[in-house]
Amino acid sequence: GAATAAPEGRVDYVKGPGRAPVMTAPGRGIVRGLEYEYRADTTREPAFRMNWPVRWAVEHPAPLPDDVKPKKTGTTLDISLAPRDTNENFSFRWTGYIRVPRTGVYTFTALSDDGSAMWIGDRNVFWSVGQSPKTTESSGQIALQAGLHPVTITFFQAYGPMAMELDVEGPGIGRQRVPSSWFYRQAARASTSGPANR
């Protein structure tokens, strides 16, 4: 039809082998679970403020020099908010490996209140690290070969209700919560401060 001034968006899919794993199976020094960094904000300010250092620290996959330092670090078997010691103004970064059982395209979906993000290696899968009035879904797709892939998952809680769940759907796998048996970490980098959530 006639030309319009409206921008157009198009997604092109190209079939490929998928992201290669760093390991095909857990080796020596690789154990179940994830490492976590927990940050809590103790600044006394009104609830409507928008200066959230604990949020800025988890908007990217790896810590930056000027990020607020973690209050606690440790290990956990899966994604858990249990190590927190407050219900407002805190964030988590979980790191380790995720082991997918088959080669194919995987959809990862977070149900979070407030915000969350996920990276596999240097690839951002989804990003929605903001404040939300209710639990919302953020999702993304990535093609992966079977095996272990580096993973980073982050979460931010401002005020009110909180929730964080990570679901997966993939080749021959209906949507479900990511099993804890898919998460691995380096054994040598265990808890450095604070109690571990096991």
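This text goes with the structure placed above it.
Conventions we followed
- Residues numbered from 1 in each chain as written.
- Predicted model: local features only at pLDDT ≥ 70, side-chain atom pairs only at ≥ 80, totals over all residues.
- Heavy atoms only, no water.
- Pairing = 2+ DSSP bridges.
- Helix = DSSP H or I, 4+ residues; strand = E, 2+ residues; numbered from the N terminus.
- Axes fitted to C-alpha atoms, helices over the stretch in contact; angles between N-to-C directions.
- Core = buried A, V, L, I, M, F, W, Y, C linked by side-chain atoms within 4.5 Å.
- Buried < 20%, exposed > 50% of the residue type's maximum accessible area, 1.4 Å probe, protein only.

### Some thoughts on the sheet that holds strand E5 (residues 104-113)
In a beta sheet, neighbouring strands are held together by backbone hydrogen bonds and run either parallel or antiparallel to one another.
Working step 1: The four strands are arranged E8-E5-E10-E11 in an open sheet whose pairing can be described as antiparallel. Strands at the two margins of the open sheet, each flanked by one partner only, are strand E8 (136-144) and strand E11 (173-177). Pairs of neighbouring strands in the sheet enclose a mean axial angle of 15 degrees, with direction left out of account.
Working step 2: In this structure, strand E10 (residues 163-170) lies alongside E11, joined through three bridges in antiparallel fashion. The residue bridging Gly-170 from the neighbouring strand is Ile-173, located in E11.

### Some details on the nonpolar core
Working step 1: Trp-94, Phe-108, Met-118, Ile-120, Ile-153 and Leu-166 are the most contacted members of the largest nonpolar core, which totals 30 residues.
Working step 2: Among the secondary structure elements, those contributing two or more residues to this core are strand E2 (34-40), strand E4 (90-100), E5, strand E6 (115-120), strand E7 (123-128), E8, strand E9 (147-157) and E10.
Working step 3: Here this core takes five residues from E4, the largest share from any one element.
Working step 4: Core analysis: the next-biggest nonpolar cluster, separate from the first, contains nine residues, Trp-52, Val-54, Trp-119 and Tyr-159 among them.

### Examining the environment of Gly-172
Working step 1: Looking at where Gly-172 falls in the secondary structure, it is placed in the loop between E10 and E11.
Working step 2: Overall, Gly-172 belongs to the exposed group, its relative accessible area being 78%.
Working step 3: For the pair Gly-172 and Arg-102, spaced 70 residues apart in the sequence, the C-alpha separation amounts to 8.6 Å.

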